[in-house]
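Structural overview for review
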Amino acid sequence: MGSRRRSQSGLVTTNKLWTYPRFIQSILQIGLIIMSEKYDVVVIGAGPAGYVAAIRCAQLGLSTACIDEWTDDHGKPSLGGTCLNVGCIPSKALLDSSEHFHRVSHEFQNHGIQIKDASMDIKKMLARKDKIVATLTQGIQGLFKHNGVINLHGHARVIGKETIEITDGKQKRTAQAASIVLATGSRPIELPIVPFDGTRIVDSSGALEFQRIPKRLGVIGAGVIGLELGSVWQRLGSQVVILEALTTFLPAVDRQIATDAERLFRQQGLDIRLGANVTGAQQSGKSVSVSYSDNGGDHQLKVDRLVVAVGRRPYTEALFDDRVGIELDDRGYIKVDDECRTSVPGVYAIGDVVRGPMLAHKGSEEGLCVADLIAGHSAHVNYEVIPWVIYTDPEIAWIGPTEQQLKRQGIPYRAGMFPFAATGRALAIDNTAGRVKMLAHEQTDQVLSVHILGSQASELIAEVVVAMEFSASAEDIARTVHAHPTLSEAVHEAALSVHKRAIHRAN
Ligand code: FAD
Ligand code: AMP
């Protein structure tokens, strides 16, 4: 508290107002509103979409402020949005800790390592996660400082085409900006029939904070988040039941890959119940009784903790005055064109709050794009080449349409396939599950999509993203040298296999 900051417009603003008598407070407040700070760009939201946009705008020489309202558990402002605070980063920290625990308990003996009675210190695991989050969120503060981005804390509301009102506690101030970027992200969807209580029935953020390993854990939703968080606690010893309304497992994933993954996850002990429509949840004592129905009838499931992971919705609460004219689509996303322009000239929107996959890297890419546009350069986002990753074990990563989608669209293709079990590196690291599947256009040989189930799929997909960005053919990848022994040789062999010339397996 009490920090002073000189705005780019040269005005001095202060949040020490509340040390003055009340009538002086009012006068100072009115004064502050009149002496509104002026910027070239104001970005609302400091998640991976907003903070990247802000940094890039500043790099391009634009005076830039980024406003964010996020506070941590101690009430301190924390940058980085969902991704850094309660999303990508903390979930990956826990996935890594739980994977180590699982390997110690189940796989180290394959290497001759004998460890008896391995145990997990949950508090230490959570503290490690919190430290990683703090390092990264504070890192963004440093990046803002380094690049000259003015960081303002509070809730922002667009009240005019170039005017933003910022409320922090009882204080109100305004800022003016020629361009405004809305990057307010998303929030977990709450099922009205299963309201969160913050302790036993929680959203994804709550599932990152369990202080003890739940004996029985229920997860509603077998999407990316449900599978990742279910995996964390299952590896640590919870009996995990995942209830999924759809009858198809991971419908967005290539069928061959999804079927293999489903089999492997079930073998690991994840009890995935498809076609299970949750109809309610009742607290009884220390447990939660979940009602659901499937084609076998009505059922009850007793769990100690229940995670509701049924998707996320765009977050636009109190974000703008209706008179400004910013339009939403029928699903509540801010309407934008292909270059993230909203219905109001000079106002852009990026990240989870607009159409497209709710992925951090998609939002960041849009952030880079709008910064260039605002600075007068040309830019675009190539939405055709956005990779997806599910950080289960094995990981699932893909880019481009599934084989089923290509068939439906009548696009002729050739398929190449290569199992990790046929690579030396996968055997050496004792992680042979999965495969690489490459689909290339039958006539042009251009790579249309790649689907990977396997260890480090999240890293392996990067090669393919670059290749596809450059419109590579399967032949291009087949003729590219891949280091030996690496898992990337499976990508190489899958490319060779498109033309039936894989070396290390029968074609
Ligand atoms: P957000 O990260 O949600 O940031 C928006 C920011 O805006 C927040 O800080 C919010 O406080 C602020 N804000 C909102 N309204 C206002 C306002 N009016 N005034 C001021 N500030 C405001 N994606 C991946 O790509 N990879 C992953 O591995 C991954 N894992 C995930 C795991 C979990 C458990 C969850 C929940 C999500 C995960 N995601 C992952 C999704 C990813 O977190 C989001 O796609 C990403 O955070 C979206 O970025 P954003 O900048 O659009 O919004
Ligand atoms: P995602 O959108 O990837 O986060 O996945 C959320 C998943 O939750 C989807 O697969 C939905 O089908 C599933 N889901 C949504 N509502 C319910 C419900 N009431 N019961 C079970 N699963 C649900």
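Report follows, based on the coordinates.

Here we look at the site of ligand 1
Near ligand 1 you find 38 residues, and of these Asp68, Thr82, Lys92, Ala156 and Ala360 are the closest. Between ligand 1 and the protein, one listed contact pairs an oxygen atom with a backbone N or O atom of Ala49 at 3.0 Å. A distance of 3.3 Å separates an oxygen atom of ligand 1 from a polar atom in the backbone of Cys83. Burial of ligand 1 by the surrounding chains reaches 96%, relative to a free accessible area of 990 Å². Residue assignment for the shell around ligand 1 shows that the elements contributing at least two residues are β4 (64–68), α3 (81–86), α4 (88–106), β6 (155–160) and α8 (360–374). When residues in the shell around ligand 1 are grouped by element, the largest group, four residues, is from α3. In the shell around ligand 1, the residues fall into 18 nonpolar, 15 polar and five charged.

Here's the deal with the sheet that holds strand β20 (residues 388–390)
Strand order in this open sheet of five strands is β20-β21-β24-β23-β22, and the pairing throughout is antiparallel. Each edge of the open sheet carries a strand with a single partner, namely β20 and β22 (413–419). For this sheet, the mean angle separating the axes of adjacent strands, direction not counted, is 10 degrees. This element, helix α11 (residues 457–469), spans β20, β21 (395–399) and β24 (447–454) of the sheet and lies at about 10 degrees to β21.

Some thoughts on the pairing of strand β16 (residues 297–303)
One ladder, built from seven bridges, connects strand β15 (residues 287–294) with β16; its direction is antiparallel. Its bridge partner lying in β16, Ser289 is registered against Lys302. Counting the residues in the hairpin turn of β15 and β16 gives two residues.

Considering the site of ligand 2
Surrounding ligand 2, one finds 15 residues, the nearest of these being Gly221, Glu244, Ala245, Val278 and Ala309. Backbone polar atom of Ala245 to a nitrogen atom of ligand 2: 3.1 Å apart, as the coordinates give it. Contact with the protein chains covers 71% of the free accessible surface of ligand 2, which is 510 Å². Contributions of two or more residues to the shell around ligand 2 are made by β12 (239–244) and β14 (277–284). Residue composition of the shell around ligand 2, grouped by class: 10 nonpolar, four polar and one charged.

Concerning the nonpolar core
The tendency in soluble globular proteins is for nonpolar side chains to be buried side by side. Core analysis: the biggest nonpolar cluster contains 35 residues, and Trp233, Ile242, Phe249, Leu250, Val253, Phe265 and Ile396 have the highest contact counts within it. Looking at this core, the elements that each hand over two or more residues are α4, α5 (122–147), β11 (216–220), α6 (224–235), β12, α7 (255–268) and β21. When residues in this core are grouped by element, the largest group, five residues, is from α7. Once residues within four sequence positions are removed from consideration, Ile242 is found in contact with Val219, Gly221, Ala222, Gly226, Leu227, Leu270, Asp271, Ile272 and Arg273.

About the criteria used
Residues numbered from 1 in each chain as written. Chains lettered and ligands numbered in written order. Predicted model: local features only at pLDDT ≥ 70, side-chain atom pairs only at ≥ 80, totals over all residues. Heavy atoms only, no water. Near = heavy atom within 4 Å. Polar contact = N/O pair within 3.5 Å; in protein donor to acceptor, adjacent residues only side chain to side chain. Areas by Shrake-Rupley, 256 points an atom, 1.4 Å probe, with all protein chains shown as cover. Helix = DSSP H or I, 4+ residues; strand = E, 2+ residues; numbered from the N terminus. Nonpolar A, V, L, I, M, F, W, Y, C, P; charged D, E, K, R; others polar. Pairing = 2+ DSSP bridges. Axes fitted to C-alpha atoms, helices over the stretch in contact; angles between N-to-C directions. Contact = heavy atoms within 4.5 Å. Core = buried A, V, L, I, M, F, W, Y, C linked by side-chain atoms within 4.5 Å. Buried < 20%, exposed > 50% of the residue type's maximum accessible area, 1.4 Å probe, protein only.

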